[in-house]
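# Reading the structure
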Amino acid sequence: MPEELLFPGDFIVNAEEFLPGMGTYVEEGKVYAAEVGTAKKDLDKREVSVESKSRTPTMQKRGLEVMGIVAKTSEKAAFVDLFPFESDKHRFAPIQASTVLRVNNIRSGFVKDLRDEFKIGDIVRVKILEAEPQNVVVSTEGPNLGVIKAFCVKCRTPLDKDGKDLVCPACGWKDHRHMAKDYREAQA
Ligand SMILES: [Zn+2]
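In this report, we go over the structure that sits alongside the text. (Residues numbered from 1 in each chain as written. Predicted model: local features only at pLDDT ≥ 70, side-chain atom pairs only at ≥ 80, totals over all residues. Heavy atoms only, no water.)

## Some remarks on the nonpolar core
Leu114, Phe118, Val124, Leu159 and Tyr183 are the most contacted members of the largest nonpolar core, which totals 25 residues. Contributing elements (two or more residues each) for this core: strand 8 (65-73), strand 9 (77-82), strand 13 (123-132) and strand 14 (135-139). Those residues in contact with Val124 that sit more than four places away from it in its chain are Val66, Met67, Gly68, Val70, Val80, Phe118, Gly146, Val147 and Ile148. Ile12, Ala33, Val48 and Val50 belong to the second-largest nonpolar core, a separate cluster that totals eight residues. (Core = buried A, V, L, I, M, F, W, Y, C linked by side-chain atoms within 4.5 Å. Buried < 20%, exposed > 50% of the residue type's maximum accessible area, 1.4 Å probe, protein only. Helix = DSSP H or I, 4+ residues; strand = E, 2+ residues; numbered from the N terminus. Contact = heavy atoms within 4.5 Å.)

Written out as structure tokens, the structure is:
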């Protein structure tokens, strides 16, 4: 069977059969194409994706704000696992590329060690700066970007905002993050 060229909005498969991968979205239990391209089914992961004909898939557009969880940190950079996200009524699968937040993209001004501002497990809102297929670079420079939920390192309770810092309501542990202005008010 020749590969069928799909257009955004074309039905691919039911969501019970295959998980939505890159270049797709789900609506009412059905997976649709979000890109112009051809469907690729990964039978091991039971995932269907649309291999885009354009170089940069629409879902990893520059300037887009997305949410994720800090998966790994070092002095100079963090890796962020992005959540599936919504645009209008379409729910997109996560960007499947390594998403990097570098220490110089945290905020204006010098940050010596990224780990002073972010910890593994933090829920963050980030903005996409560069969107290459295998390399997505994000930033948290902006009032609505940064940590929107952080957890106590001692007891894992979500931390409460305490002025410019954070405090654990359970054990009193004080901590600090690069917070978004709507810390703990956003849905995460
Ligand atoms: Zn605590």
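## What about the coordination of the zinc ion?
The zinc ion binds to the protein through Cys152 (SG), Cys155 (SG), Cys168 (SG) and Cys171 (SG); the donor distances cover 2.3 Å. One way to put it: the four donor atoms around the zinc ion meet at angles of 101 to 125°, and that makes the site tetrahedral. Ordering the donors of the zinc ion by residue number gives the pattern C-x2-C-x12-C-x2-C. Of the two residues, Cys152 is situated in the loop between strand 15 (146-149) and strand 16 (160-162) and Cys168 in the loop between strand 17 (165-167) and strand 18 (174-175); the sequence distance between them amounts to 16 residues. When its relative accessible area of 0% is taken as the criterion, Cys152 is described as buried. (Donors = N, O, S within 2.8 Å, 3.2 Å for Na, K, Ca; no water. Tetrahedral: all angles 85-135°; square planar, octahedral: opposite > 155°, others 65-115°.)

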